[in-house]
Amino acid sequence: MAHILVVEDEQPINDLITMNLKLVGHTYSKAYTGSEVAGMLEKERADLVLLDVMLPGLDGFGVMQQIAPLQIPVILITARNALSDRIRGFELGADDYIIKPFEILELLARINVVLRRNEQAGAVFICGEVEVRFPERQVRVDQLPVDLTAREFELLEVLIRNRNIALSREKLLELAWGYDFAGDTRTVDVHIRQLRKKLGWEERIKTVFKLGYRLEVQV
Amino acid sequence: MKFWHKILLAVLVLFIAALDVSVVMVMKKSWQLNMDSESKRAASEQLLITNNIYENLDSIQARGVSLDPALLVSVAKSYGQYYRKQGIELELRENGLLLYPVQDGGSSGQEEVRAAQEEHIMTLAMPFPAPYEHLELAYKRDISGLYAQQEELNRFFVMINWIVGPLLLVLLYLLIRQLTKPLKLLSETTKTIAEGDYSNRVKLNSRDEFGELAFNFNKMAAVIEQRMSDLAGMAEDRQRMVDNLAHELRTPLTSMQGFAELLTSANIGQEDQIKAGQYILSETMRLKNLAFKLLDLSVLRHQPLLLAEVDVATLFETAAQTERQRITDNGLLLHLDSSIPAVWGDADLLASFLVNLIENAILASQPGSTIRLLAYPQDGEGVLEVQDSGSGMTEEQRRRAFEPFYRADPSRSRAYGNAGLGLSLCRQIAEAHQARVELQSVPGQGTSIRIFLQLPNNCPPTL
């Protein structure tokens, strides 16, 4: 889908982010210091940079100044939620700002928002016989168009964008229906059943015991 | 009403009142004196005239001429005409009947003028001595000049009042403005200080009370400024500490939460599952260490120590044992050198002190260099010293080195250190021993840290 550069000096957090990026189908590169970022981006273009602010050598703000001419979207990751830091980040052109500790789903959602804003979110998703075209909101199975309701398509998009990650029914409601939807979690079950039937994805969309649903795709 | 308004009004009113009262009194006295001298003069003149007329009459009688009224009138007339030139009117009465001047109907206009001036005419009447008791001479003198003079003086006095009043007002205004200038200056400065500009001072160099006030005020402002900057510095230190603590807590929490989420909800292979589990474990250990260090700090602060004789060689061996693996892993050498057998202290805490310092030294040192553990006596105290020839500290780093959570590395990277509690723990340990800690460091040449402890042959410090 997109190629993302993760700049984070804490090995565990760097691994955590990249493992999740791999799960939802992004490719990535890792950097552990600020000074190596510019060189890496020159060699290999990235669609997005996830940038820690406190880095050894050159800090996140310095990196932003260095890579500003490349016009690559940046999401800052930091443990400090001082307003002045946030303002400084946005002034330097950050697209978003996420504070540790964060939930992985939140990070992925923000990544998708930024990528979509920059039209890199991945226009087409193909898995087996199913082909999903996001710009046209079209779904084809075996080259034949399938009719999905608007809500079913939203749900499908959420599942695809967070594939390989289990999503609770509440989370799905929040992501596909919106925060203020006052519906029953059984609404989700009904729509999932519809999706499975229409796409032939009885096996792909797994019910995770006690948790929710997960779209499983080979990485 | 402002202070200088009050002073101005009070001085003006008091001054004019005093001036007026004294001038009025002086005028009254002068009037009285003038009147006295005038009446004395009148009395003596009258006496003179009376005597002259008396002698005249005597001589006339001696010549045997009888004193009929016509003669009397003519005598009186001759005197009267002479004295009229001097502004003196004479009247001669015989048994109460006016003989001179002769009444005539045509002089009524003159009478009126005379009546109008009546009050300003001084009249003295006295009978002649015997044998002319039936004659009476009245002496009339016009003293309107005196009145006019008094009138003139009054007018002049009013005029002076009109001139002096405004003049005084202007002069007083200028004087009081000048005198109360320091007050205004003080008030303006206080206002700017009240608005938060603590660096402002009263620029006043006088030796009077205002100068003293300004001097003391400036002293106060300096103290306040110092306090405010101390407070600001403390707030900054605290904020930095909280920021650093937040980083130390948030970083491992992020990993723990993320990997736990990954394990419970993601479709990942076994290898990744193991990796996630290991990370959760290592980050939990990291949080645990942080929690224990914080606990140690708090316990040290609240618990009294039991000091005993600590064998230095054993102490060094314990510390070296704990860190030996890490020292060899980093390609370093550890050199122990002790010239004192024992010190007073708590063996566990002193070992922890040394271990913390050795860990710092390992992080600062390049492979191949040596870390020295030294113990020697100095000025009756036992010194334990940890010396490295590593990267050293700048002055700013030296100053803040003992601050909790302070890390010389602004990224607080795990690769080059821990939470930044080591040196604050060391300082707490030293404080619990009532011992001094000295830090010496030169950038690029290395760092040495010493603790000055009591030697066993000295009296143990009472804690």
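Residues numbered from 1 in each chain as written. Chains lettered and ligands numbered in written order. Predicted model: local features only at pLDDT ≥ 70, side-chain atom pairs only at ≥ 80, totals over all residues. Heavy atoms only, no water.

Named according to an unreviewed UniProt entry, chain B is histidine kinase originating from Paenibacillus tritici. In the Subcellular location (unreviewed entry) part of its UniProt record, chain B is described as follows: "Cell membrane". According to UniProt, the comment filed for chain B under the heading Catalytic activity (unreviewed entry) is "ATP + protein L-histidine = ADP + protein N-phospho-L-histidine." (UniProt positions renumbered as here; feature names shortened; annotations may be inferred.)

By the naming in an unreviewed UniProt entry, chain A is Response regulator transcription factor, taken from Paenibacillus tritici.

Caption draft 1: Broad picture of the overall build of chain B. Along chain B, the regular secondary structure elements total 11 helices and 11 strands. Taken over 463 residues, chain B has a buried fraction of 36%. Expressed as a percentage of contacts within chain B between residues at least 6 apart in sequence, the contacts between residues at least 24 apart total 69%. For chain B, the exposed surface amounts to about 27,200 Å²; the carbon and sulfur share of it is 58%. (Helix = DSSP H or I, 4+ residues; strand = E, 2+ residues; numbered from the N terminus. Buried < 20%, exposed > 50% of the residue type's maximum accessible area, 1.4 Å probe, protein only. Contact = heavy atoms within 4.5 Å. Areas by Shrake-Rupley, 256 points an atom, 1.4 Å probe, with all protein chains shown as cover.)

Caption draft 2: Focus on the sheet that holds strand β5 (residues 96-99) of chain A. All names here are of chain A. Taken together, five strands build an open sheet; the order of strands is β2-β1-β3-β4-β5 and the sheet is parallel. This sheet does not close on itself; its edge strands, each paired only once, are β2 (27-31) and β5. Direction aside, neighbouring strands of the sheet carry axes that sit 20 degrees apart on average. Taken together, the four bridges between strand β1 (residues 3-7) and strand β3 (residues 48-52) define a ladder with parallel strand orientation. Paired with V7 across the two strands is L51, which belongs to β3. On top of the sheet, helix α5 (residues 104-117) reaches β1, β3, β4 (74-78) and β5; it is set at about 175 degrees to β5, its chief contact. (Pairing = 2+ DSSP bridges. Axes fitted to C-alpha atoms, helices over the stretch in contact; angles between N-to-C directions.)

Caption draft 3: A look at the pattern of salt bridges. Per the counting criterion, the structure on display carries 37 salt bridges over all chains. Each of E381, E385, R436, E438 and R450 of chain B takes part in salt bridges that share partners, so that together they form one network. (Salt bridge = Lys/Arg side-chain N within 4 Å of Asp/Glu carboxyl O.)

Caption draft 4: Structural view of the interface of chain A and chain B. Listed per partner, the contact involves 29 residues of chain A and 28 residues of chain B. When chain A packs against chain B, close to 2,500 Å² is buried across both sides, 59% of that on carbon and sulfur atoms. Per-residue buried area on chain A facing chain B is highest for E10, M19 and M54 of chain A; these three make up 23% of the total on that side. Inspection of the chain A/chain B interface yields three salt bridges. The partner of R286 of chain B in a salt bridge is E10 of chain A, with the nearest N and O atoms 3.0 Å apart. Put simply, chain A and chain B have nine residue pairs in polar contact (both at pLDDT 80 or more) between them. Sorting the residues of the side of chain A that touches chain B by element identifies α1 (11-23) and α5 of chain A as the ones contributing at least two each. (Buried area = accessible area lost by both parts, 1.4 Å probe. Polar contact = N/O pair within 3.5 Å; in protein donor to acceptor, adjacent residues only side chain to side chain.)

Caption draft 5: Spotlight on helix α3 (residues 60-67) of chain A. Burial within α3 of chain A is extensive, with six of its eight residues counted as buried. Packing partners of the buried residues in α3 of chain A comprise α2 (37-43), β3, β4 and α4 (83-91) of chain A.

Caption draft 6: Representation of the packing of aromatic side chains in the model. Residue and element names in this part refer to chain B. Per the counting criterion, the structure on display carries six aromatic pairs over all chains. Their ring planes at 75 degrees and their centres at 5.4 Å tell us that Y54 and Y132 sit as a pair that is edge-to-face. On the criterion of sequence distance, the pair formed by Y54 in helix α1 (residues 3-62) and Y132 in the loop between β3 (121-127) and β4 (135-142) is long-range, its members being 78 residues apart. Relative to Y279, the ring of F259 has its centre 4.9 Å away and its plane inclined at 25 degrees; by these criteria the two rings are stacked. (Phe/Tyr/Trp six-rings, centres within 6.5 Å; stacked < 30°, edge-to-face > 60°.)

Caption draft 7: Spatial organisation of the packing of helix α6 (residues 209-265) of chain B against helix α7 (residues 270-302) of chain B. Residue and element names in this part refer to chain B. With their axes 9 Å apart at the nearest point, α6 and α7 run at an angle of 155 degrees to one another. As judged from the angle between their axes, α6 and α7 are roughly antiparallel. In the packing of α6 onto α7, the handedness of the crossing is left-handed. Between α6, through L245, E248, L249, T251, P252, L253, S255, M256, F259, A260 and L263, and α7, the contact on the second element is made entirely by Q273, A276, G277, Y279, I280, E283, T284, R286, L287, L290 and L294. A breakdown of the residues in the contact of α6 with α7 according to their chemical character gives 14 nonpolar, five polar and three charged. (Parallel < 35°, antiparallel > 145°, perpendicular 65-115°, else oblique. Left-handed = near helix turned anticlockwise from the far one by under 90°. Nonpolar A, V, L, I, M, F, W, Y, C, P; charged D, E, K, R; others polar.)

Caption draft 8: Region of the structure containing the confidence of the model for chain A. Taken residue by residue, chain A gives an average pLDDT of 85. The fraction at 70 or more is 97%. The weakest mean pLDDT in chain A belongs to strand β6 (residues 124-127) of chain A at 78; the strongest belongs to β1 of chain A at 92. (pLDDT = per-residue confidence, 0-100.)

Caption draft 9: Seen up close, the pairing of β3 of chain A. Residue and element names in this part refer to chain A. Counting buried residues along β3, five of its five residues qualify, which places the element largely inside the surrounding structure. Burial of β3 is two-sided: the residues L48, L50 and D52 facing one way and the residues V49 and L51 facing the other way are all buried. Bridging between β3 and β4 involves four bridges; their strand directions are parallel. Note that in β4 the partner of L50 across the bridge is I75. With α3 bridging β3 and its parallel neighbour β4, the resulting β-α-β unit is right-handed. (Right-handed = clockwise from strand over helix to strand, strands pointing away.)

Caption draft 10: Main features of empty space enclosed by the protein. Summed over all chains, the structure comprises one cavity of 30 Å³ or more. Along the lines of polarity and charge, the residues of the lining of the largest cavity split into four nonpolar, two polar and one charged. (1 Å grid on protein atoms, 1.4 Å probe; cavity = no way out; pocket = protein on both sides within 12 Å on 5 of 7 lines; lining within 4 Å. Points joined across faces, edges and corners; volume = space filled by probe spheres on them.)

Caption draft 11: Local environment of unusual backbone geometry. For the peptide bond that leads from K100 of chain A to P101 of chain A, omega is -5 degrees, which places it in the cis range. Tracing the backbone through its elements, the reader meets P101 of chain A in the loop between β5 and α5. One non-glycine residue with positive phi stands out, namely N164 of chain A, at about 70 degrees. Even without being glycine, Q434 of chain B reaches a positive phi, approximately 55 degrees. In this fold, Q434 of chain B is placed in the loop between α11 (422-432) and β10 (436-442).

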